[in-house]
Amino acid sequence: MKQAKIVGTGSYLPQKILTNFDLQNMVETSDEWIVTRTGIHERRLAQENEFTSTMGLAAAKKAIDDAQKIPQDIDCIIVATLTPDYIFPSTACLIQHALGINGPAFDMQAACSGYIYGLSIAKAFVENGQYKNVLIVASEKLSSIVDYSDRTTCVVFGDGAAACVVSLEGKGLSIDSVKLGASGEYADLLILPGGGCRHPATHETVDQKMHYLRMKGNEVFKHAIRNMESAVRECLADLHLEESNIDWLIPHQANKRIIDALAKRFSHLSEEKVVQNVISKYGNTSASSIGIALDELRKEGKVQHHEKIVFTAFGAGFTWGAAIVTNQK
Ligand code: ACO
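Small disclaimer: the values here were computed from a predicted structure and weren't measured.

Colleague: Report on the overall build of the protein, specifying residues and quantitative values.
Modeller: When its secondary structure is counted, the protein shows 11 helices and 13 strands. Of all 329 residues assigned to the protein, the portion counted as buried reaches 56%. If you take every contact in the protein between residues at least 6 apart in sequence, the share linking residues at least 24 apart comes to 76%. Of the roughly 14300 Å² that the protein leaves accessible, carbon and sulfur atoms contribute 51%. A gap of 3 Å separates the mean positions of the 33 positive and 38 negative side-chain charges of the protein.

Colleague: I'd love a proper account of helix 5 (residues 114–127), names of residues and values included.
Modeller: With 14 residues, helix 5 should reach 20 Å at 1.5 Å per residue; the first-to-last C-alpha distance of 20 Å fits that figure. Where burial is concerned, most of helix 5 is hidden: 11 out of the 14 residues are buried. Within helix 5, the full set of buried residues consists of Gly114, Tyr115, Ile116, Tyr117, Gly118, Leu119, Ala122, Lys123, Phe125, Val126 and Glu127. Phi turns positive one or two residues past the end of helix 5, at Gly129, with a value near 85°.

Colleague: Can you tell me about unusual backbone geometry, naming the residues and giving the values?
Modeller: Residue Pro89 is reached from Phe88 by a cis peptide bond, and omega for that bond is 0°. A cis geometry characterises the amide bond from Gly317 onward to Phe318, with omega recorded as -5°. Looking at where Phe318 falls in the secondary structure, it is placed in the loop between strand 12 (308–315) and strand 13 (319–328). Not every positive phi belongs to a glycine, and Ser286 is a case in point at roughly 50°. Structurally, Ser286 is set in the loop between helix 10 (277–282) and helix 11 (289–299).

Colleague: Give me the lowdown on the domain arrangement of the protein, citing residues and values where you can.
Modeller: What the domain assignment reports for the protein is domain 1 (5–170) and domain 2 (176–327). A C-alpha centroid distance of 14 Å is found between domain 1 and domain 2. On the side of domain 2, 45 residues touch domain 1, which itself brings 46 residues to the contact. Roughly 3600 Å² is buried in total at the junction of domain 1 and domain 2, and carbon and sulfur atoms are behind 62% of that figure. One can count 2 salt bridges joining domain 1 with domain 2. Of the charged contacts, one joins Asp66 and Arg298 as a salt bridge, the two residues approaching to 2.8 Å between their closest N and O atoms. In this structure, the connection of domain 1 to domain 2 is made through 25 residue pairs in polar contact (both at pLDDT 80 or more).

Colleague: Go over helix 3 (residues 52–66) with me, naming the residues and quoting the values.
Modeller: Taking 1.5 Å of rise per residue, 15 residues should cover 21 Å, and helix 3 covers 21 Å from first to last C-alpha, within 8% of that figure. Those residues of helix 3 that are buried are in contact with strand 1 (5–12), helix 4 (91–99), strand 6 (133–140) and strand 7 (160–167). Gln68 sits one or two positions beyond helix 3 and adopts a positive phi of about 55°.

About the criteria used
Residues numbered from 1 in each chain as written. Predicted model: local features only at pLDDT ≥ 70, side-chain atom pairs only at ≥ 80, totals over all residues. Heavy atoms only, no water. Helix = DSSP H or I, 4+ residues; strand = E, 2+ residues; numbered from the N terminus. Buried < 20%, exposed > 50% of the residue type's maximum accessible area, 1.4 Å probe, protein only. Contact = heavy atoms within 4.5 Å. Areas by Shrake-Rupley, 256 points an atom, 1.4 Å probe, with all protein chains shown as cover. Lys, Arg positive; Asp, Glu negative; His and termini not counted. Charge placed at Lys NZ, Arg CZ, Asp CG, Glu CD. Expected span 1.5 Å × (residues − 1). Domains from an automatic or database assignment. Buried area = accessible area lost by both parts, 1.4 Å probe. Salt bridge = Lys/Arg side-chain N within 4 Å of Asp/Glu carboxyl O. Polar contact = N/O pair within 3.5 Å; in protein donor to acceptor, adjacent residues only side chain to side chain.

Now the structure itself:
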């Protein structure tokens, strides 16, 4: 049976930079604290007229181009985001309209694990013949739900978008295995409490800042490492591979300490084979981070023929996942 491949990638980062030094003037923090605890030096912020859909569209156009396709080749759009333009209609529909194409389009919410959940769905769609060219867009305007007076979260998050085209035909990264997980018992540890049907917008919810993201960072941290490692091991077992068969690791760019702790568990990989520069430049961009990292790695031309890349992510829900792909040039 033919295997699904990532045949094109793209990413988009807004131009505006928010440095740790800027944050020092906004909340009680320091560049030293932020760098030591997170590895983040700066992050990008969308302008007022930039949205999840417009950033996603920019990344999507690049991915379609990179796949040597035209928008009309795309027959399904999946958008992974926790910051949609609207609760409805979906951001996927807005992107579909802006691309001027037809076919199904829907949003899928798995927080920071969204790119990997998207890969799993797209792989199933193209391998069972339902669609030919599935566009996955992961895009986040996290600055719209971050409280810039809360030092525990505002230093962490940034805005940005990534996209890829998944297809059976063409050269690219074969999607060999994807494993997903979730554990809803921890929903409260990372949550946007207001704006949904449980707490619709009222003056009170706004006064209580319920429309801002809330995170118990240190609790999330512990679960993240354990679940990302086990998802990677599930993929390895699925393919009857050893750890040593992995050439590159792209962990969700949530925090440099999480990346380092995870890298220690796959200690055959040298430092340059574990992608970690994205967290430093862009902060935690949630669903987009793996796609941005993958796009930059591919464009640098560092991944050799037949090398295997592992992606792994963890996010609100909790949700997590991992995927192993092989470069088929
Ligand atoms: N500057 C200075 N001090 C700070 C700051 C700051 N920006 N933020 C918190 N502190 C203080 C705290 O108040 C606390 O002080 P106290 O001991 O006097 O109470 C102290 O620093 C330690 O706080 P912790 O929360 O324990 O700090 P930690 O080392 O855990 O770092 C961080 C916080 C960076 C958020 C980290 O926990 C983290 O990255 N967690 C994982 C996040 C993640 O992976 N999220 C999942 C994906 S995101 C998604 O799905 C949307």
